[in-house]
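Residue-level listing of the chains:
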Amino acid sequence: MIIDCHGHYTTAPRELDAFRKQQVDAAASGAHGPARTALKISDDQIRESIETGQLKLQRERGTQLTIFSPRAAGMGHHIGDEAISLEWSQACNELIHRVCSLYPQNFVGVCQLPQSPGVTPANCVAELERCVNEFGFIGCNLNPDPSGGHWNGPPLSDRAWYPLYEKMVELDVPAMIHVSMSCNPHFHTTGAHYINGDTTAFMQFITSDLFKDFPTLKFIIPHGGGAIPYHWGRYRGLAQDMKRPPLSELLKNVYFDTCVYHQAGIDLLTRVIPADNILFASEMIGAVRGIDPETGHHFDDTKRYIDSTPNLSAADRQKIFEGNAHRVYGRLSKKLAAAASR
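My aim in this report is to walk through the structure given alongside it, one point at a time. (Residues numbered from 1 in each chain as written. Predicted model: local features only at pLDDT ≥ 70, side-chain atom pairs only at ≥ 80, totals over all residues. Heavy atoms only, no water.)

**Remarks on the sheet that holds strand S3 (residues 107-109)**
In a beta sheet, neighbouring strands are held together by backbone hydrogen bonds and run either parallel or antiparallel to one another.
Next up, step 1: An order of S1-S2-S3 is seen for the 3 strands of this open sheet, with the pairing classed as parallel. Pairing within the sheet leaves two strands with one partner each, and these edge strands are strand S1 (3-8) and S3. On average, each strand axis in the sheet is inclined to that of its neighbour by 30°, with strand direction left out of account. (Pairing = 2+ DSSP bridges. Helix = DSSP H or I, 4+ residues; strand = E, 2+ residues; numbered from the N terminus. Axes fitted to C-alpha atoms, helices over the stretch in contact; angles between N-to-C directions.)

This is the structure we're talking about:
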């Protein structure tokens, strides 16, 4: 099985965006926004959006399973208040649950957290529990910057995050580090802010003792790890100068995905980062949707790059395509077994 650990519901029916617009407009005017029960999307609409989108590409590209979550740029944690973020997150997570229920052998859920600037991450625990225990989700997306590009909240090493980390460890679920939309004009959302978030999170891990407090806590840093693999020597040197543990220690808890959209980038990633710490991913129908004129293939058809890189053995590819996902997502194997039995 080839498991894509990074997929978002970017093809959701337009009713979802209409619901969000009502929410945002209400927040701007100080009025009460709509309850998520007002969102009406049929199973047939979900089927059409998935079968002409992500499922179609799964079949064309030779992948079997996508670990699926709400659209990252759409999380919009900086919009409105805590109540709006909760209602929006619950609506998005319930929609992901419906997708996964309709296609249990093709999609497994990961939840959006109801984060909000200035609000303790502990308030996300209840929604994480709901999604894992009621919906069978196997992870969450964690936004290290709910301010939307202003970075005015506590770093990931701050104890404010600890109640959420404790619950992640208890439930045996990892988090993918994933910022949302940037509202800071200095930072383009997908071209700058996403990569900033990936790189910043890793640097925060270097400078903290987080994994001494949580030795089994697991994070996936997407988009190939941002700038990290390319500047691996810089971060090794910084860790050494600051008398921090070697980066190999972080690799007990931190993993990288393969959302890197050219062959040279994947070649670098697989040369620098051990195969044990790389999970296959494409973020298909995501930030980069076009065809590369140099290759004639879609930029986000990342399986081609893994197949072609000279840096991997057959055993390494098996880890990246499947084995590592089972190690990192502790609930995945039971989830797939349950889907197969149905």
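**Some words on the sheet that holds strand S6 (residues 175-177)**
Next up, step 1: Overall, parallel pairing links the 6 strands, which are arranged S4-S5-S6-S7-S8-S9 in an open sheet. Only two strands of the sheet have a single neighbouring strand rather than two, namely strand S4 (111-112) and strand S9 (278-279).
Next up, step 2: As judged from the 2 bridges shared by strand S8 (residues 254-257) and S9, these two strands associate in the parallel manner. Its bridge partner lying in S9, Phe256 is registered against Ile278.

**Here's the deal with the nonpolar core**
Next up, step 1: The biggest cluster of nonpolar side chains holds 72 residues, and the ones touching the most others in it are Tyr165 and Phe219.
Next up, step 2: Here this core gets 7 residues from one element, more than from any other, and that element is helix H4 (residues 82-102).
Next up, step 3: Discounting chain neighbours no more than four positions away, the residues touching Phe219 are Leu142, Tyr165, Met168, Ala175, Ile177, Phe205, Leu210, Phe211, Asn253, Val254 and Tyr255.
Next up, step 4: Ile3, Ile138, Leu279 and Leu336 belong to the second-largest nonpolar core, a separate cluster that totals 19 residues. (Core = buried A, V, L, I, M, F, W, Y, C linked by side-chain atoms within 4.5 Å. Buried < 20%, exposed > 50% of the residue type's maximum accessible area, 1.4 Å probe, protein only. Contact = heavy atoms within 4.5 Å.)

**Things to note about the pattern of salt bridges**
Next up, step 1: Per the counting criterion, the structure on display carries 19 salt bridges.
Next up, step 2: Salt-bridge contacts for Glu249 lead to Lys252; the nearest nitrogen and oxygen are separated by 3.0 Å.
Next up, step 3: With a relative accessible area of 36%, Glu249 lands in the partly exposed category.
Next up, step 4: For the salt bridge of Asp276 with Lys319, the shortest nitrogen-to-oxygen distance reads 2.8 Å. Residue Asp276 is found in the loop between helix H11 (263-272) and S9, and its partner Lys319 is found in helix H13 (residues 314-328); the two are separated by 43 residues along the sequence.
Next up, step 5: A residue is classified by how much of its surface remains accessible, and Lys319, at 28% relative accessible area, is partly exposed. (Salt bridge = Lys/Arg side-chain N within 4 Å of Asp/Glu carboxyl O.)

**Concerning the environment of Glu60**
Next up, step 1: Among the secondary structure elements, Glu60 is positioned in helix H3 (residues 54-61).
Next up, step 2: In this structure, the C-alpha to C-alpha distance between Glu60 and Asp301, residues 241 residues apart in sequence, is 9.9 Å.
Next up, step 3: At a separation of 2.7 Å, a polar atom in the side chain of Glu60 contacts the side chain of Lys56. (Polar contact = N/O pair within 3.5 Å; in protein donor to acceptor, adjacent residues only side chain to side chain.)

**A closer look at the state of the cysteines**
Note: disulfide means a covalent bond formed between the sulfur atoms of two cysteine side chains.
Next up, step 1: Scanning the model with the defined rule gives 0 disulfides in all.
Next up, step 2: Here Cys111 stays unpaired: no disulfide links it, and the sulfur of Cys131, its closest cysteine neighbor, is 4.3 Å away.
Next up, step 3: Cys111 provides the cysteine sulfur closest to Cys140, a residue in no disulfide bond, and the two sulfurs are 5.3 Å apart.
Next up, step 4: Using a relative accessible area of 2% as the deciding quantity, one classes Cys140 as buried. (Disulfide = S-S within 2.5 Å.)

**A closer look at the pairing of strand S2 (residues 65-69)**
Next up, step 1: Counting buried positions along S2 gives 5 out of 5 residues, so the element sits mostly inside the fold.
Next up, step 2: Burial along S2 is two-sided: Leu65, Ile67 and Ser69 facing one way and Thr66 and Phe68 facing the other are all buried.
Next up, step 3: Two elements, S1 and S2, share 4 bridges in a ladder whose sense is parallel. Each bridged residue has a counterpart across the sheet, and for Ile3 the counterpart in S2 is Leu65.
Next up, step 4: Where S2 lies against S3, 3 bridges are found, and the strand directions are parallel. For Thr66, the partnering residue across the bridge sits in S3 and is Phe107.
Next up, step 5: The handedness of the S2 to S3 crossover, carried by H4, is right-handed. (Right-handed = clockwise from strand over helix to strand, strands pointing away.)

**Some details on the side chain of Thr270**
Next up, step 1: With respect to the secondary-structure elements, Thr270 resides in helix H11.
Next up, step 2: Side-chain polar atoms of Thr270 contact the backbone oxygen of Asp267, separated by 3.2 Å.
Next up, step 3: Polar contacts involving the side chain of Thr270 include one to the side chain of Thr309, which spans 3.4 Å.
Next up, step 4: Not counting residues up to four positions away in its chain, the partners in contact with Thr270 are Ile278, Thr309, Asn311 and Leu312.

**Considering unusual backbone geometry**
Next up, step 1: The backbone of Glu283 shows a phi angle near 50°, a positive value even though the residue is not glycine.
Next up, step 2: You can call Glu283 buried: its relative accessible area is 4%.
Next up, step 3: Here the phi dihedral of Ile285 falls at roughly 55°; this positive angle occurs in a residue that is not glycine.
Next up, step 4: Inspection of the secondary structure assignment puts Ile285 in the loop between S9 and helix H12 (303-308).

**Notes on the packing of aromatic side chains**
Next up, step 1: Per the stated rule, a full pass over the model turns up 17 aromatic pairs.
Next up, step 2: Seen from their ring centres, Trp161 and Tyr165 are 6.3 Å apart, and the 10° between their planes marks the pair as stacked. Taken individually, Trp161 and Tyr165 each receive the classification buried, so the pair is uniform in this respect.
Next up, step 3: Considering the side-chain rings of Phe202 and Phe256, the 5.9 Å spacing of their centres and the 50° angle between planes classify their relative orientation as tilted. In this pair, Phe202 is assigned in helix H7 (residues 189-206) and Phe256 in strand S8, connecting sequence segments 54 residues apart. (Phe/Tyr/Trp six-rings, centres within 6.5 Å; stacked < 30°, edge-to-face > 60°.)

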